[in-house]
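So you can see what is in the structure, the chains are spelled out below.
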Amino acid sequence: MTGSARSRLIAGTVSGLAIMAGTLGVGTAVTSPAQAAPAASGLAAPAVVQTGVLSADAALKIADAAMKEAVKQKQRVTVAIVDRSGATRLVLKGDGAGPQTEESARRKAFTAVSFGRTTSELGKGVTGGGVSIADIPGTLFLAGGVPVASGDAPIAGIGVGGAPSGDIDEAIAQAGLKAVAGQLR
């Protein structure tokens, strides 16, 4: 192989490795503006987006802690946990909880994760006789729904239904959230 051909081969290999390293983020401390903000530069956003999901173990811990708080307060409730899309992940109906408590808990959890705020806070904003967010199907603006957030994004909702007061339902849901609060990132 001649010196010039060898130089081109080495230069081509080094260039290829540099391109691969940049693409994979290996050894690159600074990213170009195009890499840092593809949407701003007119490039298409990624087709796959990673989102946080509450683990089954965490859901069980939340439900267990909430139910222990309910027993401590002598309340017969149902605890429901939904994921970010509103799909039910877990329902735990306590001994003696009424038939309406399951739907109430699920809808409170759905509302909390949908809006990223407690249902007691959201309920304060539902006033007047016109159309409001309370008209959105599946929502319930009674106290007892608490969002579960990772970072600044809601990833799940906890709903409790069955106590004689929404404030009690919410305190029970908050006790459930407290059980995993140190594990959410």
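Residues numbered from 1 in each chain as written. Predicted model: local features only at pLDDT ≥ 70, side-chain atom pairs only at ≥ 80, totals over all residues. Heavy atoms only, no water.

Undergrad: It is not clear to me how the overall build of the chain should be interpreted in this structure. Could you clarify?
TA: From N to C terminus, the chain includes 6 helices and 4 strands. When the elements of the chain are put in sequence order from the N terminus, they spell out α-α-α-β-β-α-α-β-β-α. By residue count, 32% of the 185 residues in the chain fall in the buried class. The contacts of the chain with a sequence gap of at least 6 include a subset with a gap of at least 24, amounting to 62%. Surface accessibility of the chain: about 11,000 Å² in total, with carbon and sulfur atoms responsible for 59%. (Helix = DSSP H or I, 4+ residues; strand = E, 2+ residues; numbered from the N terminus. Buried < 20%, exposed > 50% of the residue type's maximum accessible area, 1.4 Å probe, protein only. Contact = heavy atoms within 4.5 Å. Areas by Shrake-Rupley, 256 points an atom, 1.4 Å probe, with all protein chains shown as cover.)

Undergrad: Mind showing me how you'd approach the layout of surface pockets here?
TA: A water-sized probe, rolled over the atoms, reveals where empty space remains. There is about 200 Å³ of room inside the largest pocket. Val53, Ile155, Gln183, Leu184 and Arg185 are the residues nearest the centre of the largest pocket, which is lined by 13 residues in total. The element contributing the most residues to the lining of the largest pocket is helix α3 (residues 56-72), with 3 residues. Looking at the lining of the largest pocket residue by residue, the classes come out as 6 nonpolar, 4 polar and 3 charged. (1 Å grid on protein atoms, 1.4 Å probe; cavity = no way out; pocket = protein on both sides within 12 Å on 5 of 7 lines; lining within 4 Å. Points joined across faces, edges and corners; volume = space filled by probe spheres on them. Nonpolar A, V, L, I, M, F, W, Y, C, P; charged D, E, K, R; others polar.)

Undergrad: Help me understand the sheet that holds strand β2 (residues 88-93), please; the structure alone is not making it clear to me.
TA: Paired through their backbone hydrogen bonds, the strands of a sheet run either parallel or antiparallel. One open sheet holds the 4 strands; their spatial order is β2-β1-β4-β3, and the pairing between them is antiparallel. With partners counted over all chains shown, the strands left at the sheet margins are β2 and β3 (145-150), one partner each. Pairwise comparison of adjacent strand axes, ignoring direction, gives a mean angle of 15 degrees for this sheet. Relative to strand β4 (residues 153-161), strand β1 (residues 78-83) runs antiparallel, the two being bridged by 6 bridges. (Pairing = 2+ DSSP bridges. Axes fitted to C-alpha atoms, helices over the stretch in contact; angles between N-to-C directions.)

Undergrad: Hey, could you run me through the packing of α3 against helix α6 (residues 166-178) in this one?
TA: Axis angle and axis distance: for two packed helices, these are the angle between their axes and the distance between the axes, and together they describe the pair. Axis separation between α3 and α6 bottoms out at 7 Å; the angle between their running directions is 140 degrees. Classified by the interaxial angle, the pair formed by α3 and α6 is oblique. Remark: the crossing between α3 and α6 carries right-handed chirality. Along its contact with α3, which presents Ile62, Ala65, Ala66, Glu69 and Ala70, the element α6 presents Ala171, Ile172, Ala175, Gly176 and Leu177. Split by residue class, the contact of α3 with α6 holds 8 nonpolar, 1 polar and 1 charged. (Parallel < 35°, antiparallel > 145°, perpendicular 65-115°, else oblique. Left-handed = near helix turned anticlockwise from the far one by under 90°.)

Undergrad: I tried to follow the pattern of salt bridges on my own but got confused; where do I start?
TA: Between side chains of opposite charge, a pair can form as their charged atoms come close. For the structure on display, the rule yields 6 salt bridges. Ionic pairing is found between Asp64 and Lys68, a salt bridge with its closest N-O pair at 3.1 Å. Of this pair, Asp64 and Lys68 both sit in helix α3, 4 residues apart, which is roughly one turn of that helix. The exposure class of Lys68 is exposed, given its relative accessible area of 55%. For Glu69, the salt bridge identified is with Lys72, shortest N-O distance 4.0 Å. Within this pair, Glu69 and its partner Lys72 are both found in helix α3, separated by 3 residues, close to a single helical turn. A relative accessible area of 18% places Glu69 in the buried class. (Salt bridge = Lys/Arg side-chain N within 4 Å of Asp/Glu carboxyl O.)

Undergrad: Where do I start with the side chain of Thr119 in this structure?
TA: Tracing the chain through its elements places Thr119 in helix α5 (residues 119-124). The class of Thr119 is buried, set by a relative accessible area of 0%. If we skip the residues at most four places from it in the chain, Thr119 touches Lys108, Thr111, Ala112, Leu140, Phe141, Leu142, Ala143, Gly144 and Gly145.

Undergrad: Explain the packing of aromatic side chains here, please?
TA: Each pair of aromatic rings is reported with the distance of its centres and the angle of its planes. For the coordinates displayed, the defined rule picks out 1 aromatic pair. Pairing Phe115 with Phe141 gives two aromatic rings, centres 6.0 Å apart and planes at 50 degrees, and the pair type is tilted. With Phe115 in helix α4 (residues 101-115) and Phe141 in the loop between α5 and β3, this pair connects stretches of sequence that are 26 residues apart. Its relative accessible area of 13% is what places Phe141 among the buried residues. (Phe/Tyr/Trp six-rings, centres within 6.5 Å; stacked < 30°, edge-to-face > 60°.)

Undergrad: Could you clarify how one ought to interpret the side chain of Thr78 in this entry?
TA: Of note, Thr78 is situated in strand β1. We classify Thr78 as buried; its relative accessible area is 0%. At a separation of 2.7 Å, a polar atom in the side chain of Thr78 contacts the side chain of Thr101. Setting aside its immediate chain neighbours within four residues, Thr78 contacts Val91, Leu92, Lys93, Gly94, Ala97, Thr101, Glu102, Ala105, Gly159, Val160 and Gly161. (Polar contact = N/O pair within 3.5 Å; in protein donor to acceptor, adjacent residues only side chain to side chain.)

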